[in-house]
Amino acid sequence: MSSKLVVEVLDASDLLPKDGQGSPNPFVQVNFDDQRQRTQTKPKDLNPYWNEKLVFTSRWCLCPLSESEASVQRCPLEKHGLFSHIKGDIALKIYAVHDGNYYPPPTRPPNAASIKTEGTPLQEINSKKLEKDFMAGEKKTKKKKEKEARTFHSIGTAPSGTPAPAHPPPMSSGFGLETHLMKEKAPRVEARTNYAQAGPPTVMHMQIPKPNPEFVLVETRPPVAALMRYRAGDKTASTYDLVEQMHYLYVNVVKARDLPAMDVSGSLDPYVEVKLGNYKGRTKHLEKNQNPVWNQIFAFSKDRLQANLLEVTVKDKDIVKDDFVGRLLIDLSEVPLRVPPDSPLAPQWYKLEDRKGDKINKGEIMLAVWMGTQADESFPEAWHSDAHDIGQTNLANTRSKVYFSPKLYYLRVHVIEAQDLFPSEKGRAPDVYVKVQLGNQIRVTKPSPMRTINPIWNEEFMFVASEPFEDFIIVTVEDRVGPGKDEIMGRVILPVRDVPSRREIAKLPEPRWFSLFKPSLAEEGEKKKEKFSSKILLCLCLDTGYHVLDESTHFSSDLQPSSKFLRKERIGILELGIISARNLLPMKSKDGRTTDPYCVAKYGNKWVRTRTLIDNLHPRWNEQYTWDVHDPCTVITIGVFDNFHINGSKEDVRDQRIGKVRIRLSTLETDRIYTHYYPLLLLQPSGLKKHGEIQLALRFTCTAWVNMVTQYGKPLLPKMHYLQPISVRHIDWLRHQAMLIVAARLARAEPPLRRETVEYMLDVDYHMWSLRRSKANFGRIMKLLTGVAAVCQWFNDICTWRNPVTTCLVHVLFLILVCYPELILPTIFLYLFVIGLWNYRCRPRHPPHMDIRLSHADKVHPDELDEEFDTFPTTRPADIVRMRYDRLRSVQAEYRQWWGIWLAKGKELKQF
């Protein structure tokens, strides 16, 4: 029986230019069992797409038996020599097509007699005999075939849910698959998925398990100006040197004059239609205006130009059919090129023509047409051709914008006492408490321990206030008359702008007495004063020495205090290039669409949002942004979302999360450009899922080395956090309130940065309980203590003379230091210097990314995920909640056991 091996060549990415002009001409050549086939050549393409199927004849193939069972495998291109320059990877899909369902019985390999395949999956193997058999097989193979370098990739079996065939085909001869890309040959690497059952000639060694390549970073080399170092001589690309240049045809429709009337009534409702090939954009129509002004810009991507003529048509809006007023044809070969910092192109008046091309008597239009890049100042506000099916009302939701968070402060309110209160019932001792409200933040004191008309509370609260100080502090004194019944005894309303500020730990402002008014008179304040009123003693101040946390401390992007006089100086500049994304999952498959992705990046108080690319699984944004850096121990966050507000959706519809990337600046080398594909991972109730990859380019430039080095010797947060610390419980409450203020303020922008986006970027649910996080944190602690345990074990081995040579050397060193104590410090510094050199040699070359094994995201139990995503209070039955508490007790017992082991080791160490 014969079968067919199908190799589906999908695409390649991040190829290295080979023609000296910044782009290769790639094709793929596949060799299998003395059969050779190749794909078409893609001229001048660094990210080619083939989607071609190559079919080979084979006797037996251990690979998926259908196209639906096969998965896409991204294989990195390997170097064929020490000095070869190979970059990129290739996506393959390999599966077999059999003529029937019959599987012949297995034939025993000639050299498999010494290997037992029964019992346990892995048996002890005589490595020397395997090596001899392997070398003998190599010599026979070299005599029969030509000497050529090949890459043998093991083809994955069917998924775990697919049953394996009852009789596997023979494995004595094996098979290899050779893939050539750009005529580069890779070194020979052989690997087998079944170690125990494979014959000796193919068994080499057991491989150490590696992290899932689906969740690791992929280094890239995009054709950006910063990496190419202006080899083409185009230094105009330096403005956007971390992204690829994208050229656009810009059309600025300014206004028109003296347009002819088209209706019987002598009126005209004009609008302009700009058409280039199949792409068509239109301005708003203006009612009854023969001299309209539009001031609207259209941008057509140069990669998608489908015509040589640009058609600008003026039409009259009508109920049945729009009337033709006039048009203008512009040859694209005559369009000038404009590159910033050139001044904007001056618009010109053009005579309108009829359908035959003759000039009409009345009607002129003012236009400006030029070729530019995404660095043009008109780019953010322009109508883009990829959003041609979006209406004018929803067009603003697709544009790129820059936002700034409001400036936040901590407001301290100290409620001390009150005097001369008037209870509603004379003769009854009032049960008084105070309620303080700022916006949506409400805090309540405890009832006064003394039931009197002069109560004392002496309680302090913290609130979050934001500029501009438009809110009011509402202090209400209430009397608890009965169960569920409270009576207002007085109220005072204070503007936040009148509250004094405090920078350092200086003395608090002096408390002030404020008059309490009845609710009807509280709003009038001092306009209508009573002859006699109750009083309350308050101490108010804005603590500007704190940093108001609106994100988790572990991933904070800003550690500056609120006061501008206490802020640190700038130490550098962070540049981010959002280049592209690939292999995004379709989020709107039910609506017949794919995904409308956009990116949001946050660092400090500056937020950026890229434009939305409509219906695109492989978007290319190529937008670049910069931030000032004041502290290297900060994190930049980049999130990808699917826009659900581009087709007139309801306001309650939420933009869907695709993934998020965090990069810590202290892990970046200065002046180095990092270009990688970062996996977009999202933890869902069903488990960890990859939604695609995003390509980013980063560069951190240090402008003040001395200031940056001194930052590492200072505490992370401002001084006030350590001199007058705020409890963790209050910090979490204040962080949630700060997040609500930031989300509400950014939602009022145009286009709005919606609340679900802000919450995801700021990790609003980070304080919620998670058994997975607790296990991960415990694992980090144990990993940290492993070094201490290793030192203790080494000291114990020296004391017990387990290694006599090491023990003697340590004693000799100890005697030298005792005799020459002046060598103690030089020895310590020399040791630290050598260790530093060794660690610097082994330093990581890539920015750290999410470690799914360290965070326990790869092996988390489904019920633990269900508990992590459960609401508060819970919606699960009582037996499930009881089971969770029992599991928590067992985890606590396990932790106690570990700590007991550590304490026992500590006691053993004390004996020496």
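Each value, and the rule that gives it
- Residues numbered from 1 in each chain as written.
- Predicted model: local features only at pLDDT ≥ 70, side-chain atom pairs only at ≥ 80, totals over all residues.
- Heavy atoms only, no water.
- Helix = DSSP H or I, 4+ residues; strand = E, 2+ residues; numbered from the N terminus.
- Buried < 20%, exposed > 50% of the residue type's maximum accessible area, 1.4 Å probe, protein only.
- Contact = heavy atoms within 4.5 Å.
- Salt bridge = Lys/Arg side-chain N within 4 Å of Asp/Glu carboxyl O.
- Pairing = 2+ DSSP bridges.
- Axes fitted to C-alpha atoms, helices over the stretch in contact; angles between N-to-C directions.
- Phe/Tyr/Trp six-rings, centres within 6.5 Å; stacked < 30°, edge-to-face > 60°.
- Lys NZ or Arg CZ within 6 Å of the ring centre and 35° of its normal.
- UniProt positions renumbered as here; feature names shortened; annotations may be inferred.
- Polar contact = N/O pair within 3.5 Å; in protein donor to acceptor, adjacent residues only side chain to side chain.

Enquirer: Just give me the short version of the overall build of the chain, but keep the residues and values in it.
Expert: Helix and strand counts for the chain come out as 12 helices and 35 strands. Counting only residues that meet the buried cut, the chain has 44% of its 912 residues in that class. Put simply, 71% of the contacts in the chain that link residues at least 6 apart link residues at least 24 apart.

Enquirer: Tell me about the pattern of salt bridges, and please be specific about residues and values.
Expert: Under the criterion given, the structure shown has 42 salt bridges. Between Glu377 and Arg338 there is a salt bridge; the shortest N-O distance is 2.8 Å. Highlighted residues: Glu377 in the loop between strand S16 (359–373) and strand S17 (383–384) and Arg338 in the loop between strand S14 (323–331) and strand S15 (348–353), separated in sequence by 39 residues. Among the residues examined, Arg338 registers a relative accessible area of 5% and is labelled buried. For Asp797, the salt bridge identified is with Arg802, shortest N-O distance 3.4 Å. One connected set of salt bridges, linked through shared partners, spans Asp11, Arg74, Asp89, Arg582, Lys690 and Glu693.

Enquirer: Describe the sheet that holds strand S29 (residues 597–603), and please don't skip the residues or the numbers.
Expert: The strand order across the open sheet built from 5 strands is S18-S30-S29-S32-S33, with neighbouring strands paired in antiparallel fashion. Two strands in the sheet have a free side with no partner beyond their single neighbour: strand S18 (401–404) and strand S33 (656–664). Direction aside, the axes of adjacent strands within the sheet are offset by 20° on average.

Enquirer: Account for the packing of aromatic side chains, with residues named and values stated.
Expert: Scanning the entire structure with this criterion turns up 11 aromatic pairs. Relative to Phe641, the ring of Tyr598 lies with its centre 5.8 Å away and its plane at 25°, an arrangement referred to as stacked. Taken together, the residues Tyr598 in strand S29 and Phe641 in strand S32 (residues 635–642) connect sequence positions 43 residues apart. Each of the two residues, Tyr598 as well as Phe641, counts as buried. Grouped by ring-pair contacts, the aromatic residues Tyr248, Tyr250, Trp370 and Phe379 constitute a single cluster. The ring of Tyr271 is capped by Arg282, whose NZ or CZ atom sits 4.0 Å from the centre of that ring. Between Arg443 and the ring centre of Trp733, over which it is positioned, the NZ or CZ distance is 4.6 Å.

Enquirer: Break down the UniProt feature "transmembrane region" (unreviewed entry) in the chain for me, with residues and values.
Expert: In the numbering adopted here, UniProt assigns the feature "transmembrane region" (unreviewed entry) to residues 812–840. Its end C-alpha atoms 29 Å apart, residues 812–840 is made of 86% helix and 0% strand.

Enquirer: Tell me about the environment of Leu734, residues and numbers included.
Expert: Among the secondary structure elements, Leu734 is positioned in helix H6 (residues 728–746). Counting along the chain gives 271 residues from Leu734 to Phe463, while the straight-line C-alpha distance between them is 6.8 Å. When residues no more than four places from it in sequence are discounted, the contact partners of Leu734 are Tyr410, Met462, Phe463, Val464, Leu549 and Ile726.

Enquirer: Mind laying out the side chain of Arg327, listing which residues take part and the relevant values?
Expert: Mapped onto the secondary structure, Arg327 falls in strand S14. Here Arg355 takes part through its backbone oxygen, which lies 2.9 Å from a polar atom of the side chain of Arg327. With sequence-adjacent residues up to four places away left out, Arg327 is seen in contact with Glu311, Val312, Thr313, Leu352, Glu353, Asp354 and Arg355.

Enquirer: So what's going on with unusual backbone geometry? Residues and values would help.
Expert: For the bond running from Glu467 to Pro468, omega is -10°, close enough to zero to count as cis. Tracing the backbone through its elements, the reader meets Pro468 in the loop between strand S22 (456–466) and strand S23 (472–482). Of note, the amide linkage connecting Glu750 to Pro751 takes the cis form, showing an omega dihedral of 0°. Along the chain, Pro751 falls in the loop between H6 and helix H7 (755–762). Of note in the backbone geometry, Asn583 takes a positive phi value of approximately 55° without being a glycine. Along the chain, Asn583 turns up in the loop between strand S28 (572–582) and S29. Positive phi, normally seen in glycine, also occurs at Asn622, with a value near 55°.

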